[in-house]
Amino acid sequence: MEKTLQGLAEAFAGESQANRKYTAYAAQAEKEGYKQAAKLFRAAAEAETIHALTHLKNMGKIKSTKENLADAIAGETHEYQIMYPEFIEHAQAENQAAALRGFKFAAGAEEVHANLYKKALANIDNEVTTDLYLCTICGHIHEGTAPDVCPICMAKAQAFKIVD
Ligand SMILES: [Fe+2]
Ligand SMILES: [Fe+2]
């Protein structure tokens, strides 16, 4: 079972990455005018999601929503408190401006995500309905209404889209 679990974890990570990569490749193919290649990338991207979700389920990682919220809080907290600060330091030392900006945006957004998850868990037995706006530039999530300026990446209100 141990080796199977290792395989499931590795396959989940690989398939998840393949999904995002093929989604980006599909957009690039569209940009270059290759409609059929774009379609193939989109089909494969969706197939990789099916594989990823099967592996995740077989790892026993999809639990109750309360447990899933706790897991999400832990993941986001690790990212903004430990992972990204280290990556930011490296990008600064190596003068990698684009990577640095991406890491900073993500770190800022992850902190907000962690707090939103905490709030959701605290209110889970008495859920409050609010609108959620996503910044399409940095991934910040804003509750209520779209802000005039994104507090993390300074994008204008038009960069926000409401989430279903
Ligand atoms: Fe996040
Ligand atoms: Fe933003």
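For clarity, every value in this text was computed on a predicted model and none was experimentally measured.

(A) Quick peek at the environment of L56. Positionally, L56 belongs in helix α2 (residues 35–58). On the basis of neighbour counts, which here come to 17 C-beta atoms within 10 Å, the residue L56 falls in the partly exposed class. Between the alpha carbons of L56 and E67 there is a distance of 15 Å; along the sequence they are 11 residues apart. The contacts of L56, once residues within four sequence positions are left out, are F12, K61 and I62.

(B) Broad picture of the pairing of strand β1 (residues 132–135). The alternating pattern of β1 places Y133 and C135 on a buried face and L132 and L134 on a face that is not buried. Both β1 and strand β2 (residues 141–143) contribute to a ladder of 3 bridges, which runs antiparallel. In the strand pairing of β2, L134 is matched with I141. Counted between consecutive antiparallel strands, the loop separating β1 from β2 contains 5 residues, among which G139 sits at a positive phi close to 90 degrees. As judged from the 3 bridges shared by β1 and strand β3 (residues 160–162), these two strands associate in the antiparallel manner. Among the inter-strand pairings, C135 is bridged to a residue of β3, identified as F160.

(C) Main features of unusual backbone geometry. Its identity is not glycine, yet N95 carries a phi of approximately 55 degrees, on the positive side. Mapped onto the fold, N95 is located in the loop between α3 (65–93) and α4 (97–122). Under the C-beta neighbour-count criterion, N95 is labelled exposed, with 8 such atoms within 10 Å. A positive phi is found at M154, a non-glycine position, where the angle reads about 70 degrees. You can see M154 is positioned in the loop between β2 and β3.

The rules behind these values
Residues numbered from 1 in each chain as written. Chains lettered and ligands numbered in written order. Predicted model: local features only at pLDDT ≥ 70, side-chain atom pairs only at ≥ 80, totals over all residues. Helix = DSSP H or I, 4+ residues; strand = E, 2+ residues; numbered from the N terminus. Buried ≥ 20, exposed ≤ 12 C-beta atoms within 10 Å, placed from the backbone. Contact = placed C-beta atoms within 7 Å. Pairing = 2+ DSSP bridges.

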